[in-house]
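# Summary of the model geometry
Below, each chain spelled out in residue letters.
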Amino acid sequence: MARRRRTSPAEDLMDVVAMLPWWAGVALAVVSYLVLHRMAGQEVVAAVKPGEMGTMVTQTLWKTLATFGQYLLPLICVAGAGISAWRRRERRKLIADVGQSKAADALDGMNWREFEMLVGEAFRLQGYGVLETGGGGADGGVDLVLSKGTEKYLVQCKQWKAFKVGVDVVRELYGVMAAKGAAGGFVVTSGRFTEDAVAFASGRNLKLIDGPLLHGLIRQARNSRGQAPAPQSGPSLVSAAPADTPSVPGCPTCSKPMVKRTAKRGANAGEEFWGCSAYPGCRGTRQIG
């Protein structure tokens, strides 16, 4: 998820405008043109005294900058608005394609950027305000900042299909949440999470969303898009999962969260079962199903 290299302040400004709704970029273009056009039309007061020479030079400089800026700045804003509109169209297309697909591998053909856009749109459908930050690189950084009311939530996207997302990634986001004062967080992947990652997130205001769960959430959100959303007071995207999505059960012995394990010996070798996350201190088990 590498950032592209910045080559000019104009590109940086264009990227900032592209994070806004397209209509906000157009409004900025109009306002910037009106303000700079007025500045460019002002007369420069000629210096009649030696002490007024500095004022005249400053006025001349601002007039020159405004003369060129009245066309350049609105153009940058319009370009950013165009990028924003294009991203909005791409997000809706991604949601439509994934929502219409019944295959569990509907997310596998995406690159990291498409996956990030898809996740952002999925949260928008759940009623969150979404700011795309671009993350900090292929293996770290917050990719989305969500807002709902006065609360803020952080999202880290992992387009990992070849291997599972481990506990280090989850721990990293939890630390960033504490540092930034976020009310909660989400780690979203197109693949799966390790047992340690699931155990760490359990009981914390940190939700893990894997590929099959994300696919189901998108289909559900898309199907109910025309209905009035139910009031939500926190990071409840996971709770909106389809009914057939299994939840993590509690241990029948010590009530701690359980994790999936695979039997290695005996008559049930190769079969999955729920095992207590406090193993070996607690050896509670439960059959899957």
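Because the structure is a prediction, the values reported are computed rather than measured. (Residues numbered from 1 in each chain as written. Predicted model: local features only at pLDDT ≥ 70, side-chain atom pairs only at ≥ 80, totals over all residues. Heavy atoms only, no water.)

### Remarks on the packing of aromatic side chains
By the definition in use, this model includes 6 aromatic pairs. Between Y128 and F186, the aromatic rings sit 6.4 Å apart at their centres with planes inclined by 85 degrees, giving edge-to-face as the arrangement. With Y128 in the loop between α4 (112–125) and β1 (129–132) and F186 in strand β4 (residues 184–189), this pair connects stretches of sequence that are 58 residues apart. For Y128, a relative accessible area of 4% corresponds to the buried category. Every member of this aromatic cluster is reached through a ring pair, and the members are F123, Y128, Y153 and F186. Cation over ring: K148 sits above Y128, and NZ or CZ is 3.9 Å from the ring centre. (Phe/Tyr/Trp six-rings, centres within 6.5 Å; stacked < 30°, edge-to-face > 60°. Helix = DSSP H or I, 4+ residues; strand = E, 2+ residues; numbered from the N terminus. Buried < 20%, exposed > 50% of the residue type's maximum accessible area, 1.4 Å probe, protein only. Lys NZ or Arg CZ within 6 Å of the ring centre and 35° of its normal.)

### Topic: the sheet that holds strand β3 (residues 151–158)
The 5 strands lie next to each other as β1-β2-β3-β4-β5, forming an open sheet whose pairing is mixed. Lying at the two open borders of the sheet, with one neighbouring strand each, are β1 and β5 (206–209). Along the sheet, successive strands turn relative to each other by an average axial angle of 20 degrees, direction set aside. By the bridge criterion, 5 bridges tie strand β2 (residues 144–148) to β3 in an arrangement that is antiparallel. Each bridged residue has a counterpart across the sheet, and for L144 the counterpart in β3 is V155. In the packing of α4 onto the sheet, contacts are made with β1, β2, β3, β4 and β5, and the angle to β1 comes to roughly 160 degrees. Against the sheet, helix α5 (residues 167–180) touches β3, β4 and β5, its axis set at about 155 degrees to β3. (Pairing = 2+ DSSP bridges. Axes fitted to C-alpha atoms, helices over the stretch in contact; angles between N-to-C directions. Contact = heavy atoms within 4.5 Å.)

### Comments concerning the pattern of salt bridges
In this structure the tally under the stated criterion is 6 salt bridges. One salt bridge in this structure joins R113 and E116, with 3.0 Å as the shortest N-O distance. A residue pair is termed a helical-turn pair when its members lie 3 or 4 positions apart in one helix, as R113 and E116 do in helix α4 at 3 residues. Linking R171 and D168 is a salt bridge whose minimum nitrogen-to-oxygen distance equals 3.5 Å. Taken as a pair, R171 and D168 lie in helix α5 at a separation of 3 residues, close to a single helical turn. Of the residues examined, D168 reaches a relative accessible area of 57% and is grouped as exposed. Linked through salt bridges whose partners overlap, the residues forming this network are R113, E116 and E132. (Salt bridge = Lys/Arg side-chain N within 4 Å of Asp/Glu carboxyl O.)

### Concerning the pairing of β1
Where burial is concerned, the two faces of β1 differ: the one with V130 and E132 is buried and the one with G129 and L131 is not. The pairing of β1 with β2 spans 4 bridges and is classified as antiparallel. Pairing of V130 across the sheet is with L146, part of β2.

### Quick look at a nonpolar patch on the surface
A surface patch of nonpolar side chains, amounting to about 750 Å² of accessible area, comprises W22, W23, V26, V30, Y33, L34 and Y71. Inspection of the secondary structure puts V30 in helix α2 (residues 22–40). On the basis of relative accessibility, which here comes to 46%, the residue V30 falls in the partly exposed class. (Patch = residues over 30% accessible without salt bridge, like charges linked within 9 Å, V, L, I, M, F, W, Y side chains within 5 Å. Areas by Shrake-Rupley, 256 points an atom, 1.4 Å probe, with all protein chains shown as cover.)

### Brief notes about the confidence of the model for the protein
In low-pLDDT regions, the fine details of the predicted coordinates are not to be read closely. Chain-level pLDDT for the protein is 77 on average; 70% of the residues reach the 70-or-more range. For the protein, strand β8 (residues 285–287) is the element with the lowest average pLDDT, namely 64, and β5 is the one with the highest, namely 93. Every residue in residues 136–140 scores below 50 in pLDDT, and together they form 13 contacts with partners more than four places removed in sequence or on other chains. Here residues 238–246 is modelled with pLDDT under 50, and outside its nearest four sequence neighbours on either side it reaches 14 contacts, counting other chains as well. (pLDDT = per-residue confidence, 0-100.)

### Examining the nonpolar core
Among the nonpolar cores identified, the biggest contains 25 residues, and V119, F123, L146, V155, F186, V188 and L214 are the most heavily contacted of them. Elements represented by at least two residues in this core include exactly α3 (53–100), α4, β2, β3, β4 and α7 (211–223). The greatest single-element share of this core, amounting to 6 residues, is contributed by α4. Residues V167, M177, V187 and A197 belong to the second largest nonpolar core, which totals 17 residues. (Core = buried A, V, L, I, M, F, W, Y, C linked by side-chain atoms within 4.5 Å.)

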